[in-house]
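# A look at the structure
Each chain, written out:
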Amino acid sequence: MIVVIVLLLLGLIIAFYRARNAEELAFKLQQRLGILEERLKHVETYLVEPRTADPAPRTPDPALRTPDPGLRTPDPALRTPDRGPRTAAPAPRTADRGPRTADSALRTADLEALIGGRWLLFAGIAAVVLGISYFVKFAFDNGWISEPLRVAAGVAAGALLIAGGMRFWSRGLALFGHALAGAGILVLYVSIYAALHFYGLIPAAAAFVLMVAVTGLAVFLADRQQAQPLAALGFIGGFATPLLVGGDADAQVVLFTYMGLLIAGTTVIMRRYPWPLLGALSYVCTFVLVLSWFFTSYRSGQWLTTELFLTAYAALFGYILLTIARSGLTTAKVQIAAAVLATAPLAYHLASMLLLGRHPAGWLVYVVLFTLVWLLAGHRMRAAWIRVLVLVLVGMPMAAWLADLQYPGWYAPAIATVFALYALHLAASWEEATDTGDAPLSPWAVVHAQINGLLLPMSLYLFLDTRATVWNPWMVASLAGWNAALGVLAQGRAPRLRIQFVILAGTLAAAAIVLVFDGPAVAVGWMAEGVFVGWLAARERRRSLALGSATLIALATLQVFNLLASPLPLSDTPWLNPRALATALAIGGLAWLAWRITHDPVDEVRNEARTALIVVANLLALAFVSAEIHAYFARQAFGASAGGELRAAADAGLMEQVTLSVTWALYAVVLVFVGIRQRFAPARYLAIGLFAVVVVKVLYFDIAGLDRVYRMLSVLGVGILLLVASYLYQRRAEAPERS
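Since this is a predicted model, take the numbers as computed values, not measurements. Residue positions are given per chain, counted from 1 along the sequence in the order it is written. Note on the predicted model: pLDDT of at least 70 is required for a residue's local features to be given, and 80 or more for side-chain atom pairs to be given and counted; whole-chain, interface and lining totals, by contrast, use all residues. The basis for every side-chain value is the complete set of non-hydrogen atoms in the structure, without hydrogens or water.

## Concerning the overall build of the protein chain
- Helix and strand assignments come from DSSP, with helices taken as H or I runs of at least 4 residues and strands as E runs of at least 2, each series counted from the N terminus. Check the secondary structure of the protein chain and you find 25 helices and zero strands.
- Burial statistics for the protein chain: of 739 residues in total, 40% are counted as buried.
- By definition in these notes, contact holds between two residues if any of their heavy atoms fall within 4.5 Å. Of the contacts formed within the protein chain by residues at least 6 apart in sequence, a portion of 73% connects residues at least 24 apart.
- The method behind every accessible area is Shrake-Rupley, applied with a 1.4 Å probe, and residues are considered shielded solely by the protein chains displayed. Of the roughly 41200 Å² of accessible surface on the protein chain, a fraction of 68% belongs to carbon and sulfur atoms. Classification of residues uses two cut-offs on accessible area relative to the type maximum, computed with a 1.4 Å probe and protein chains only: under 20% is buried, over 50% is exposed, and between them is partly exposed.

Take a look at the structure:
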């Protein structure tokens, strides 16, 4: 029954296409007939129009006449003189009128033929298909067709559709033929699926083999007809076959080998035809199938075989991506396929991190091999950004993995691996610096050198922090000395890289000093790194480095403010404690950088950047003084409360407010003095802003909340300092200001 239906549909389709071809031929003949009629009308008009008569017959040119051997050539003097050119007849303008006639014929096509020849045919086919569908469903519901016969009819229908598609393709209707063949492939897949799951007519192994055969048939037809849609359909069906068939969850080797064969087949097809989207489709299907298997069937004992198969897949997709890149094509399809396939290395890396995290041997081998491969790729491609990306993708997870390592027997191999990764990246940086000679390093190379130099101490610090904290200061100090030695060694061989080692040595030295005193090493390390990178940016004229310096300094400043806002431990002494040391180092670093760029030839650096550094340093200093005043009086109040002297505790709090107001005003006076003496307007502007804060504090807090004595001291002290500032402004020498 289904075979008859398919034959009927094929007959209707063939009749439709023949009718359409005949209609198109008649339409073209009608156009040509209209053009010929217009030309005939023009010729008739030309023949009827009167022509200008010649005054005398023109003697033809003897040179143009065929010479008669029996006649003597007449004397040229006896020839009738030429009366001049004849009046030329107007040329026919059929070329101008032809296109207009064709357009007119197109616009005035027979609407009746269009409706009767096409629209009614489409409607008739749709109605017949719908009616046959209802009839088939009715036959199934009433049991007229047995289950084996249904499957056989589906297979026969698929075969007939494929044969019809081949027939149309051979006659030049490629698109229609591909559509019919694709429909036949789908019908075959559905028939096999129904035979397996709906009717239980065949076992799973047979269904798998049959679906693989259908996939092979689709790829064969795609290769023969050079049809990318058929190839895509075949590979989608091939990747979907394991999901459609199902089977044993432990058959990982069979499943992954099958997927590898499909990917290899994709590679072969792409070498024959420029079908980039086919490679992207194969990658997406592989990703989905592997992810589905992982969440449903993965077991911890399968980590090694899974990793080996994923490595092979990554290599195949890398080869496909390389093939697309070497094709030289720049179409939108190529760009989309390349963008999709470029995520394959990242997906492989993330999957490997997930699989190997609990297996130290596999993890350590993987991170070394992954780093080595991509460092070689970055060197071959002369792309420093690849080294930075590898350093982040491997170094950061390695540091976290090392901190959480729970196997003491693997401590030594893990530490050795960290040093090996550092050495590999150091060798890559050194080689690039040697190759560039006197040329400046690229921004990516600078970032790579800095991150590599900081990741090693950070990884070791996280490892020692919960195991042997006492070794951290000496470890950081040793690495600071190591970078200083590298700076000396690079003096003659890689002078541009020498600066990077000097910066790292200074940063680590500052962090080591703070660690010795058990202070906030992170804030000091960030500030030192930001200051040194800022100095390098001014020296190398690199805006990217300047942006990185500003980011690091901003992060360090926020960290220092956070430290100053935290309560001081009772074991620390106000003004002499680790956070005071960290703040002093941070302020000193900002002051040093501002001094280094004082005479910079670039106005933006000399004025704006220097002003920002000075303002940040003063804000830190003011916050530091305020925090230490608060810590001092808080300690006094705590001691008085502990001794039962509540009045003394309250007086300590009141005296703190008076001291803060007077100190802020005094700081503002110093800023006014320095700003006037150095002709530096930003210092005076900062002083005016600070005076405004002091006045608001005195008016809305000190006067309302303090006792009479403390209120008097606060207002009097602030007033005197305001008078001093005013006096300084009055005595200010008239001179050009520094912006």
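## Description of helix α4 (residues 147-170)
- Residue count minus one, scaled by 1.5 Å, sets the expected span of a helix. Its 24 residues give α4 an end-to-end C-alpha distance of 35 Å, which sits within 8% of 34 Å, the value for a rise of 1.5 Å per residue.
- Of the residues flanking the end of α4, it is Gly172, one or two places downstream, whose phi is positive at about 100 degrees.

## Here's the deal with the pattern of salt bridges
- Basic side-chain nitrogens of Lys or Arg form a salt bridge, by our definition, when they fall within 4 Å of a carboxyl oxygen of Asp or Glu. By the definition in use, this model includes three salt bridges.
- The partner of Arg272 in a salt bridge is Asp223, with the nearest N and O atoms 2.9 Å apart. You can see Arg272 sitting in helix α8 (residues 252-272) and its partner Asp223 sitting in helix α6 (residues 204-225), a full 49 residues away along the chain.
- Using a relative accessible area of 24% as the deciding quantity, one classes Asp223 as partly exposed.
- The residue Glu432 makes a salt bridge to Arg387 at a minimum N-O spacing of 2.3 Å. One end of the pair, Glu432, is in helix α15 (residues 411-436); the other, Arg387, is in helix α14 (residues 384-403), and 45 residues separate them in sequence.

## Structural notes on the confidence of the model for the protein chain
- The predictor reports its confidence for every residue as pLDDT, a score running from 0 up to 100. Of all residues in the protein chain, 76% attain a pLDDT of 70 or more, and the chain-wide mean is 78.
- With pLDDT under 50 throughout, residues 1-6 is counted as low confidence; its partners more than four residues away or in other chains account for 14 contacts.
- Scored below 50 in pLDDT, residues 51-109 shows 28 contacts in the model against residues more than four places distant or in partner chains.

## A closer look at unusual backbone geometry
- Phi at Gln226 takes a positive value of approximately 55 degrees, unusual for a residue other than glycine.
- The residue Trp575 is not glycine, and still its phi comes out positive at about 75 degrees.
- Its place among the elements puts Trp575 in the loop between α20 (543-565) and α21 (578-596).
- Residue class for Trp575 comes out partly exposed when judged on its relative accessible area of 40%.

## Describing the packing of α6 against α8
- Put simply, α6 and α8 touch, their axes get as near as 12 Å, and they point 10 degrees apart. As summarised for this structure, α6 and α8 are arranged roughly parallel, according to the angle between their axes. Between α6 and α8, the residues in contact are Phe208, Val212, Thr215, Val219 and Asp223 and Tyr258, Leu262, Ile269 and Arg272, respectively.
- Put simply, Ala, Val, Leu, Ile, Met, Phe, Trp, Tyr, Cys and Pro go in the nonpolar bin, Asp, Glu, Lys and Arg in the charged bin, and everything else, Gly too, in the polar bin. The residue inventory of the contact of α6 with α8, partitioned by class, reads six nonpolar, one polar and two charged. Under this scheme, a helix contributes an axis fitted over its contacting stretch, all axes are lines through C-alpha atoms, and angles between N-to-C directions fall in the 0 to 180 degree range. For classification, angles of less than 35 degrees are called roughly parallel, those exceeding 145 degrees roughly antiparallel, those between 65 and 115 degrees roughly perpendicular, and all remaining angles oblique.

## Details of the packing of aromatic side chains
- Aromatic pairing here means that ring centres of Phe, Tyr or Trp (its six-membered ring) are within 6.5 Å. Orientation follows from the plane angle: under 30 degrees is stacked, over 60 is edge-to-face, and everything else is tilted. Counted by the stated rule, this structure contains 21 aromatic pairs.
- Plain terms: the ring middles of Phe294 and Phe295 are 5.7 Å apart, the flat faces sit at 85 degrees to each other, and that makes the pair edge-to-face.
- Taking the relative accessible area as the measure of exposure, Phe294 reaches 24% and is therefore partly exposed.
- Among the residues examined, Phe295 registers a relative accessible area of 65% and is labelled exposed.
- Among the aromatic residues, those joined into a cluster by ring pairs are Phe256, Trp293, Phe294, Phe295, Tyr298, Phe309 and Tyr313.

## Thoughts on the packing of helix α10 (residues 303-326) against helix α11 (residues 332-341)
- Put simply, α10 and α11 touch, their axes get as near as 10 Å, and they point 155 degrees apart. It follows from the interaxial angle that α10 and α11 lie roughly antiparallel. The interaxial crossing formed by α10 with α11 has left-handed handedness. Residues Phe317, Ile320, Leu321 and Ile324 of α10 touch α11, and the partners they reach there are Val334, Ala337, Ala338 and Leu341.
- In terms of residue class, the contact of α10 with α11 is built from eight nonpolar, no polar and no charged. Should the near helix be turned anticlockwise from the far one by less than a right angle, the crossing is left-handed, and should it be turned clockwise, the crossing is right-handed.

## Observations regarding the side chain of Thr266
- Mapped onto the elements, Thr266 comes out in helix α8.
- The contact partners of Thr266, leaving out residues within four places of it in the chain, are Phe235, Leu278, Gly279, Ser282 and Ile320.

## Considering α10
- Over its 24 residues, α10 extends 34 Å from the first C-alpha to the last, a length consistent with the 34 Å expected when each residue adds 1.5 Å.
- Tucked inside the fold, the buried residues of α10 contact α8, α9 (276-297), α11, α12 (344-356) and α13 (360-381).
- With its phi angle positive at about 80 degrees, Gly328 sits one or two positions after the end of α10.

## Some points on the side chain of Thr286
- When you line up the elements, Thr286 lands in helix α9.
- Among all residues touching Thr286, those that are not within four sequence positions of it are Phe239, Ile263, Tyr313 and Phe317.

## Overview of a nonpolar patch on the surface
- Residues enter patches when they are more than 30% accessible in relative terms and free of salt bridges; like-charged ones are connected within 9 Å and nonpolar ones (Val, Leu, Ile, Met, Phe, Trp, Tyr) within 5 Å. Taken together, Val284, Phe287, Val288, Leu291 and Phe295 make up a surface patch of nonpolar side chains, about 480 Å² in accessible area.
- Assignment of secondary structure puts Val284 in helix α9.

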